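Residue-level structure breakdown
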Amino acid sequence: MTEAPLTDESTVRIALVVPDLLGTYGDRGNALVLAQRLRWRGYRAEIVTVLSSAESLPESCDIYLLGGGEDVAQQAAVSFLRRGNGLRRAVDSGTAVLGVCGGLQVLGTRFTTGDGKHHAGLGLVDIETRPGADRAIGELGTRSELPGIGVLTGFENHLGRSEVGDDARPLGRVLHGTGNGADGVEGGVTGRVVCTYLHGPVLARNPALADTVLSWAVGAPLDGLPDFPELERLRAERTRVRG
Ligand code: GLN
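Residues numbered from 1 in each chain as written. Predicted model: local features only at pLDDT ≥ 70, side-chain atom pairs only at ≥ 80, totals over all residues. Heavy atoms only, no water.

Where an unreviewed UniProt entry is consulted, the protein chain appears under the name Lipid II isoglutaminyl synthase (glutamine-hydrolyzing) subunit GatD, with the organism given as Actinopolyspora biskrensis. Here is the UniProt Sequence similarities (unreviewed entry) comment for the protein chain, exactly as written: "Belongs to the CobB/CobQ family. GatD subfamily." What the UniProt record of the protein chain gives under Function (unreviewed entry) is the line "The lipid II isoglutaminyl synthase complex catalyzes the formation of alpha-D-isoglutamine in the cell wall lipid II stem peptide. The GatD subunit catalyzes the hydrolysis of glutamine to glutamate and ammonia. The resulting ammonia molecule is channeled to the active site of MurT." (UniProt positions renumbered as here; feature names shortened; annotations may be inferred.)

Right, dumping it as structure tokens:
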């Protein structure tokens, strides 16, 4: 856990974790959004890109981001992240983590790929994934169960269907689209590990979720920033069209 709130003189370090393996659909944009929302508020922000060729994961970052990826890349990401176990230590000390799609499955307890093979995940969030009958592709809208967020929108493209276990809670309830494909819910949250099937990138389309992750990282409430009217229009349009 962040010992004392970071001040606006602190540099907040945002780790983009193995984007060479997990980075489909522009998930790198989540790092850019977090860095920019910090800078607008007077914080310094640094994006630390950790490729899978790195020796291990640096443990000094304040936020870790995992994007989406294909099944084989997910297995390679698990192998990399097991080495040294730095992500587990970071999570145990309360560091914020966002996992998107393949990142959700990697952070979960176990995922079964389309070929029927079982793979252990990192077990940092209590979610298990099995293949569905078909890919879930298209716009996804949910109502978040985290306080102060409201409706989340994005794009989903995944085969896996994910079940949230007793030690996690869903990120949201599905309004339209598939989401986890079980129990009408989407994503999962354990402590400060938040996972979702929403691409977009998700934090560009949903600044309230970005600010939730940032407030966990800096350990203090954040100043408000102006809304983007175009995002509100997009949200309203997606909810109306699909809801
Ligand atoms: N490989 C995973 C699946 O198909 C995740 C895909 C993704 O990250 N877009 O379920």
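The environment of the ligand is formed by 15 residues, the closest being Gly-69, Asp-71, Gln-74, Cys-101 and Gly-160. Residue Leu-159 places a main-chain N or O atom 3.0 Å away from an oxygen atom belonging to the ligand. Isolated, the ligand exposes 300 Å² of accessible area, and the fraction of that covered by the protein chains is 98%. Element by element, the count of residues in the shell around the ligand is highest for strand S8 (residues 151-164), at four residues. Its residues assigned to classes, the shell around the ligand shows three nonpolar, nine polar and three charged. (Near = heavy atom within 4 Å. Polar contact = N/O pair within 3.5 Å; in protein donor to acceptor, adjacent residues only side chain to side chain. Areas by Shrake-Rupley, 256 points an atom, 1.4 Å probe, with all protein chains shown as cover. Helix = DSSP H or I, 4+ residues; strand = E, 2+ residues; numbered from the N terminus. Nonpolar A, V, L, I, M, F, W, Y, C, P; charged D, E, K, R; others polar.)

Let us now look at the packing of aromatic side chains. A ring pair, where both rings are aromatic, is described by two values, the distance of the centres and the angle of the planes. A full pass over the atoms with the stated rule returns two aromatic pairs. Here Trp-40 and Phe-228 contribute two aromatic rings whose centre-to-centre distance is 6.2 Å and whose plane-to-plane angle is 40°, an arrangement assigned as tilted. Note that Trp-40 is positioned in helix H1 (residues 29-40) and Phe-228 in the loop between helix H6 (207-218) and helix H7 (229-242), a separation of 188 residues in sequence. Residue Trp-40 is classed as partly exposed on the basis of its relative accessible area of 49%. Among the residues examined, Phe-228 registers a relative accessible area of 31% and is labelled partly exposed. (Phe/Tyr/Trp six-rings, centres within 6.5 Å; stacked < 30°, edge-to-face > 60°. Buried < 20%, exposed > 50% of the residue type's maximum accessible area, 1.4 Å probe, protein only.)

By secondary structure assignment, the location of Leu-222 is in the loop between H6 and H7. With sequence-adjacent residues up to four places away left out, Leu-222 is seen in contact with Arg-41, Tyr-43, Asp-211, Leu-214 and Ser-215. (Contact = heavy atoms within 4.5 Å.)

Time to look at empty space enclosed by the protein. If you walk through the whole model with that rule in mind, you get one cavity of 30 Å³ or more. Considered as a void within the structure, the largest cavity measures approximately 60 Å³ in volume. Lining the largest cavity are Asp-71, Gln-105, Phe-111, Thr-112, Thr-113, Gly-114, Thr-129, Pro-131, Leu-159 and Gly-160. Of the residues belonging to the lining of the largest cavity, the class tally is three nonpolar, six polar and one charged. (1 Å grid on protein atoms, 1.4 Å probe; cavity = no way out; pocket = protein on both sides within 12 Å on 5 of 7 lines; lining within 4 Å. Points joined across faces, edges and corners; volume = space filled by probe spheres on them.)

Attention now moves to the pairing of strand S1 (residues 11-17). A large share of S1 lies buried, amounting to five of its seven residues. Pairing geometry for S1 and strand S2 (residues 44-50), over seven bridges, is parallel. When the sheet's bridge partners are listed, Thr-11 is paired in S2 with Arg-44. For the crossover from S1 across H1 to S2, the handedness is right-handed. (Pairing = 2+ DSSP bridges. Right-handed = clockwise from strand over helix to strand, strands pointing away.)

Time to look at H6. The end-to-end C-alpha distance of H6, which contains twelve residues, comes to 16 Å, matching closely the 16 Å that a straight helix rising 1.5 Å per residue would cover. Of all the twelve residues making up H6, ten are buried; the element is thus mostly covered by neighbouring parts of the structure. Three or more residues of H6 are buried, namely Pro-207, Leu-209, Ala-210, Asp-211, Thr-212, Val-213, Leu-214, Trp-216, Ala-217 and Val-218. Trailing H6 by a residue or two, Gly-219 shows a phi angle of about 70°, which is positive. (Expected span 1.5 Å × (residues − 1).)

Quick look at the UniProt feature "binding site: substrate" (unreviewed entry) in the protein chain now. UniProt tags Arg-135 as "binding site: substrate" (unreviewed entry). Residue classification places Arg-135 among the partly exposed positions, given a relative accessible area of 41%. Not counting the four nearest positions on each side in its chain, Arg-135 is found in contact with Asn-157, His-158, Leu-159 and Arg-161. Side-chain polar atoms of Arg-135 contact the side chain of Asn-157, separated by 2.8 Å.

What follows is about the nonpolar core. In terms of nonpolar packing, the biggest core is built from 68 residues, with Ile-14, Ile-63, Tyr-64, Leu-66, Leu-81, Leu-87 and Leu-107 touching the most fellow members. With seven residues, the top contributor of residues to this core is H6. Not counting residues within four places of it along the chain, the set of residues in contact with Leu-87 comprises Leu-57, Tyr-64, Leu-66, Leu-81, Val-97, Leu-107, Leu-122 and Leu-124. (Core = buried A, V, L, I, M, F, W, Y, C linked by side-chain atoms within 4.5 Å.)

Once that is clear, we can look at the environment of Ala-90. Of note, Ala-90 is situated in helix H3 (residues 86-92). Note on Ala-90: relative accessible area 5%, which makes it buried. Sequence separation between Ala-90 and Asp-183 is 93 residues, and the spatial gap between their C-alpha atoms is 30 Å. When residues no more than four places from it in sequence are discounted, the contact partners of Ala-90 are Tyr-64 and Thr-95.

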